[in-house]
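# Examination of the molecular architecture
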Amino acid sequence: MTTITLPGLIDVHTHLRVPGGEHKEDFASGTAAALAGGVTMILGMPNTNPPLTTPDVLAATRRQAQADIRCDVGLYAGASPADIAYLPALAEQATALKIYLNDTFGKLRVEDLPTLMACFQTWPRHKPIAVHAEKQSVAVSIGLAAVYNRPVHIVHVSRREEIELIADAKVQGLPVTCEVAPHHLFMDQTDAARLGPLGDMRPILGTPDDVAALWEHLNSTVDCIATDHAPHTLAEKHSATPPPGVSGLETSLPLMLTAVADNRLSLSRLIELMHTNPRRIFGLPEQPDTQVEVEMTPTVIRNENLFTKCGWTPFDGREVAGRVARVVLRGAVAFENGRVLAQPGNGRLLT
Ligand code: DOR
Ligand code: ZN
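Since the model is a prediction, treat every value here as computed from it, not as a measurement. (Residues numbered from 1 in each chain as written. Chains lettered and ligands numbered in written order. Predicted model: local features only at pLDDT ≥ 70, side-chain atom pairs only at ≥ 80, totals over all residues. Heavy atoms only, no water.)

## Brief notes about empty space enclosed by the protein
- The tally for this structure, following the rule as stated, stands at three cavities of 30 Å³ or more.
- As a volume, the largest cavity reaches approximately 120 Å³.
- Taken together, 17 residues make up the lining of the largest cavity; nearest its centre are His15, Thr104, Arg202, Asp228 and Ala230.
- Taken together, the residues of the lining of the largest cavity sort by class into six nonpolar, eight polar and three charged.
- Each pocket or cavity is described by its volume, and for the second largest cavity that value is around 40 Å³.
- Lining the second largest cavity are Leu9, Ile10, Asp11, Val39, Ile225, Thr227, Ser252 and Met274.
- Partitioned by chemical class, the residues of the lining of the second largest cavity number five nonpolar, two polar and one charged. (1 Å grid on protein atoms, 1.4 Å probe; cavity = no way out; pocket = protein on both sides within 12 Å on 5 of 7 lines; lining within 4 Å. Points joined across faces, edges and corners; volume = space filled by probe spheres on them. Nonpolar A, V, L, I, M, F, W, Y, C, P; charged D, E, K, R; others polar.)

Now the structure itself:
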């Protein structure tokens, strides 16, 4: 059995559910799941309840995070038409701005052009902007990057035409980057039909041809692998109105290691996608004396081994090629032998 040492992985797309969704996940459980998945730094999304669109809510959420996080965390501010005047004040506390252009969980949305323009005009140039953009919204996002000549990061790209448009934008030298989620690489609409609400997320799973396109672009156009870890309870998922989203922090690296074992991806490219590029794109700090030790051994993903509070994954029962054996964060063992050792408060909140 081979042991591999990786740098601490960075996930720029995690839903930690604080405030308002603590029954799904909280800072202590979500950062435990991160460490169990080899992830030592995460960026938390703003579609909470209330959303992270005002300085007061963001400040209170940061105080809660500071007390509870076991790995390092930065938070996104959310763009909202009603709170757009707060953007400069939000920027002082947030790592990046998130703009939701398409339908997803929660009410946070930007659907009018004046708000979109205000985001690009007033959010500080040195701070990243990430967009949830599907279909034509990808073109809108690329257009904004061109007009305002500033970087735009497109989250969870899932369709052939979207990744091909982004590839064309990059050929033109436009400042666009993108991420892909493992569930869009390892599942398609057949899995959505099999899993029902447990296979429903936004964007929904694609066709086999969409999946093939993402793999074709994994060594070129794709900048990051990001989990879109979006926990909801099984009771919510089996309700009459199931919310979209699946957990991902603990399955992302094992799935990508399977791609390495299958010669679909090199280990150095995995490190670029899950550490180097996220760090560069979001201007994130280095974590000294931090590493992830992985054992390349056949392992079956099991719900009962998860640390996420929701307690389930659509990959339950799937065999993967590797498992996280040990995680060291700033010289201290944070995860070992299936146990999370890092305590709430061990993590650093990014400024
Ligand atoms: O499936 C999803 N769920 N996609 C998103 O973009 C949001 C997320 C959530 O917050 O549950
Ligand atoms: Zn998301």
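Next, the rest of the story.
## A short note on the packing of helix H4 (residues 113-122) against helix H5 (residues 136-148)
- Where H4 meets H5, the axes come as close as 11 Å, and the angle between the chain directions of the two elements is 40 degrees. When the interaxial angle is binned, H4 and H5 end up oblique. In this structure, H4 meets H5 at a crossing whose hand is right-handed. When H4 is examined against H5, the residues Leu116, Met117, Phe120 and Gln121 are found in contact with a partner set consisting of Val140, Leu144, Ala145 and Tyr148.
- Taken together, the residues of the contact of H4 with H5 break down into seven nonpolar, one polar and no charged. (Axes fitted to C-alpha atoms, helices over the stretch in contact; angles between N-to-C directions. Helix = DSSP H or I, 4+ residues; strand = E, 2+ residues; numbered from the N terminus. Parallel < 35°, antiparallel > 145°, perpendicular 65-115°, else oblique. Left-handed = near helix turned anticlockwise from the far one by under 90°. Contact = heavy atoms within 4.5 Å.)

## As for the packing of aromatic side chains
- Following the criterion strictly, the structure yields four aromatic pairs and no others.
- Judged by centre distance (6.3 Å) and plane angle (80 degrees), the rings of Phe307 and Phe335 are edge-to-face. Taken together, the positions of Phe307 in the loop between strand S11 (299-300) and strand S12 (319-320) and Phe335 in strand S14 (residues 332-336) put the pair 28 residues apart, joining distant regions of the chain.
- Here Phe307 falls in the partly exposed class, since its relative accessible area comes to 28%.
- The buried category is assigned to Phe335, whose relative accessible area is 5%.
- Stacked on the ring of Trp215, the Lys or Arg Arg264 has its end atom at 3.8 Å from the ring centre. (Phe/Tyr/Trp six-rings, centres within 6.5 Å; stacked < 30°, edge-to-face > 60°. Buried < 20%, exposed > 50% of the residue type's maximum accessible area, 1.4 Å probe, protein only. Lys NZ or Arg CZ within 6 Å of the ring centre and 35° of its normal.)

## Some thoughts on the pairing of strand S13 (residues 323-329)
- Of all the seven residues making up S13, five are buried; the element is thus mostly covered by neighbouring parts of the structure.
- Relative to S13, strand S10 (residues 291-296) runs antiparallel, the two sharing five bridges. Within the sheet, the bridge partner assigned to Glu293 lies in S13 and is Arg326.
- Of the strand pairs in this sheet, S13 and S14 are connected by four bridges, and their pairing is antiparallel. Bridged to Leu329 within S14 is Ala332.
- Connecting S13 to the next strand, S14, in antiparallel fashion are two residues, including Arg330 with a positive phi near 50 degrees. (Pairing = 2+ DSSP bridges.)

## Points about the coordination of the zinc ion (ligand 2)
- Protein coordination at the zinc ion (ligand 2) comes from His13 (NE2), His15 (NE2) and Asp228 (OD), with a distance range of 2.0 to 2.1 Å.
- Along the chain, the residues donating to the zinc ion (ligand 2) fall in the pattern H-x1-H-x212-D.
- For His15, a relative accessible area of 5% puts it in the buried group. (Donors = N, O, S within 2.8 Å, 3.2 Å for Na, K, Ca; no water.)

## Some words on the packing of helix H1 (residues 27-36) against helix H2 (residues 55-68)
- The contact between H1 and H2 brings their axes to 9 Å, and the two run at 55 degrees. In terms of orientation, H1 lies oblique with respect to H2. The two elements H1 and H2 meet at a crossing, and its hand is right-handed. Residue-level contacts link Phe27, Ala28 and Thr31 of H1 to Thr61, Gln64, Ala65 and Asp68 of H2.
- Residue composition of the contact of H1 with H2, grouped by class: three nonpolar, three polar and one charged.

## Some details on the nonpolar core
- Core analysis: the biggest nonpolar cluster contains 95 residues, and Ile99, Ile154 and Leu253 have the highest contact counts within it.
- What Ile154 contacts, discounting residues up to four positions off in sequence, is Val131, Ala133, Val138, Ser141, Ile142, Ile166, Val176, Thr177, Cys178 and Glu179.
- Grouped together as the second largest cluster of nonpolar side chains are 17 residues, Tyr100, Ala130, Cys224 and Phe282 included. (Core = buried A, V, L, I, M, F, W, Y, C linked by side-chain atoms within 4.5 Å.)

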